[in-house]
Amino acid sequence: AEIADRVPLIWLHLAECTGCSESLIRADTPTIDSVIFDHISVEYHETLMAAAGWQAEENLEHALEAYKGGYVLAVEGAVPTANDGHYLTVGCKGHTGMEIVHHAAEGAAAIVSVGTCAAFGGVQAAAPNPTEAKGVDQVVHKPVVNLGGCPPSEKNIVGTLMYFVMFGKLPPLDMYGRPKWAYGARVHDNCERRGRFDAGEFVETFGDEGAKQGYCLYKVGCKGPYTYNNCPTERFNHHTSWPVLAGHGCIGCSEPNFWDAMADFEKP
Ligand code: SF4
Ligand code: SF4
Ligand code: F3S
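All of these numbers come straight from a predicted model, not from anything done at the bench. Every chain is numbered on its own, with residues counted from 1 as its sequence reads. Whichever chain is written first becomes A and whichever ligand is written first becomes 1, with later ones labelled in order. Per-residue local features of the predicted model are confined to residues with pLDDT of at least 70, and side-chain atom pairs are confined, for both listing and counting, to 80 or more; whole-chain, interface and lining totals are unaffected and use all residues. Think of the side-chain values as coming from all heavy atoms in the structure, minus any hydrogens and water.

Re the site of ligand 3
Turning to step 1, where the next piece is worked out: A cutoff of 4 Å decides nearness: a residue is near a molecule or strand if any of its heavy atoms lies inside that distance of it. In the vicinity of ligand 3, the contacting residues are Thr227, Asn229, Cys231, Phe236, Trp242, Pro243, Cys250, Ile251, Gly252, Cys253 and Ser254.
Turning to step 2, where the next piece is worked out: When its residues are assigned to classes, the shell around ligand 3 shows seven nonpolar, four polar and no charged. When residue character is reported, Ala, Val, Leu, Ile, Met, Phe, Trp, Tyr, Cys and Pro are called nonpolar, Asp, Glu, Lys and Arg charged, and the others, Gly included, polar.

Next comes the structure, spelled out in structure tokens:
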């Protein structure tokens, strides 16, 4: 497809760790190459683009203007709002993350919060939340898709972008703004250790005989029964693994406020 046929994507980094971008580039169905060469035109992404400094800022301004009303805005990271947003400034001109996201949201055809930081504030918003970090949907006045997960899987990111590319609209969402196709079932519902849970076979301490046998991780803190995500069926990194298969319980990373609500992560 020509560039004009591809949906422009502008991806901002706010208060975050770039783990969500790491997840994105592991896409394999379709591959990340196919996503960015055939379906989406990545106009701005600080980790992936070649430009830096003033040139990068010019590219962002140019893309916001050239594709006004037609671009998808993806945001990775929370928006610090305390002290007028000055806990996060980005780029040469000293704009705050809050200013940048407001500006970029204006001309967006769709806004996607990638990861729990952008969706719900994430670790930055953990108590006592000194920077008053917030999810994007709390600071912009437009509909936002929330891709919970720290990070969300590459399938949940690319699947949501591709939904917009194919249908020109956002997918149906749950009460927290998460796409139902990805977050419609509890981790516990599709977990391969669910039979162990039903049989009452539990790991009591990490490294015990039950752990070696693949018993259920509920008693060592698994939050799968309270967490909505498709990790057991879709997995991560080319379908390689997911937390429970790797031997640690789910910590509820796709849920709002999980740092405060789900911790201590190794206790039921
Ligand atoms: Fe990093 Fe997690 Fe935030 Fe993504 S959601 S930027 S992986 S801390
Ligand atoms: Fe449920 Fe977690 Fe046990 Fe899997 S390991 S069955 S998600 S409690
Ligand atoms: Fe997160 Fe739990 Fe999946 S910790 S990655 S929602 S298994």
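From this point, the narrative continues.
Focus on the sheet that holds strand S7 (residues 108-114)
Strands belonging to one sheet form pairs held by backbone hydrogen bonds; the direction of such a pair is parallel or antiparallel.
Turning to step 1, where the next piece is worked out: When DSSP finds two or more bridges between a pair of strands, those strands are recorded as paired. The way it works is that DSSP assigns letters per residue, a run of H or I at least four long becomes a helix, a run of E at least two long becomes a strand, and they are numbered from the N terminus. Read across the open sheet, the five strands follow the order S2-S1-S3-S7-S9; overall the sheet is parallel. This sheet does not close on itself; its edge strands, each paired only once, are strand S2 (40-45) and strand S9 (145-147). Direction aside, neighbouring strands of the sheet carry axes that sit 25° apart on average.
Turning to step 2, where the next piece is worked out: Summarising the sheet, strand S1 (residues 7-13) and strand S3 (residues 71-76) pair through five bridges and their orientation is parallel. Note that in S3 the partner of Leu12 across the bridge is Val75.
Turning to step 3, where the next piece is worked out: Helix H4 (residues 97-106) contacts S1, S3 and S7 of the sheet and is inclined by roughly 160° relative to S3. Lines fitted to C-alpha atoms define the axes here, with helix axes fitted over just the stretch in contact, and angles between the N-to-C directions of these axes take values from 0 to 180 degrees. Between two residues, a contact is recorded if the distance between any of their heavy atoms is within 4.5 Å.

Some details on the packing of aromatic side chains
Turning to step 1, where the next piece is worked out: The rule is short: rings of Phe, Tyr and Trp, with Trp giving its six-membered ring, pair when the centres are within 6.5 Å, and they are stacked under 30 degrees, edge-to-face over 60, tilted in between. A full pass over the atoms with the stated rule returns seven aromatic pairs.
Turning to step 2, where the next piece is worked out: Between Phe197 and Phe202, the ring centres sit 5.8 Å apart and the planes meet at 85°, which makes this aromatic pair edge-to-face.
Turning to step 3, where the next piece is worked out: Each residue's exposure class comes from its accessible area (1.4 Å probe, protein chains only) as a fraction of the maximum for that residue type: buried when under 20%, exposed when over 50%, partly exposed otherwise. A relative accessible area of 17% means that Phe202 is categorised as buried.
Turning to step 4, where the next piece is worked out: When the ring of Trp259 is compared with that of Phe265, the centres are 5.6 Å apart and the planes differ by 75°; the resulting orientation is edge-to-face.
Turning to step 5, where the next piece is worked out: Residue Trp259 is classed as partly exposed on the basis of its relative accessible area of 31%.

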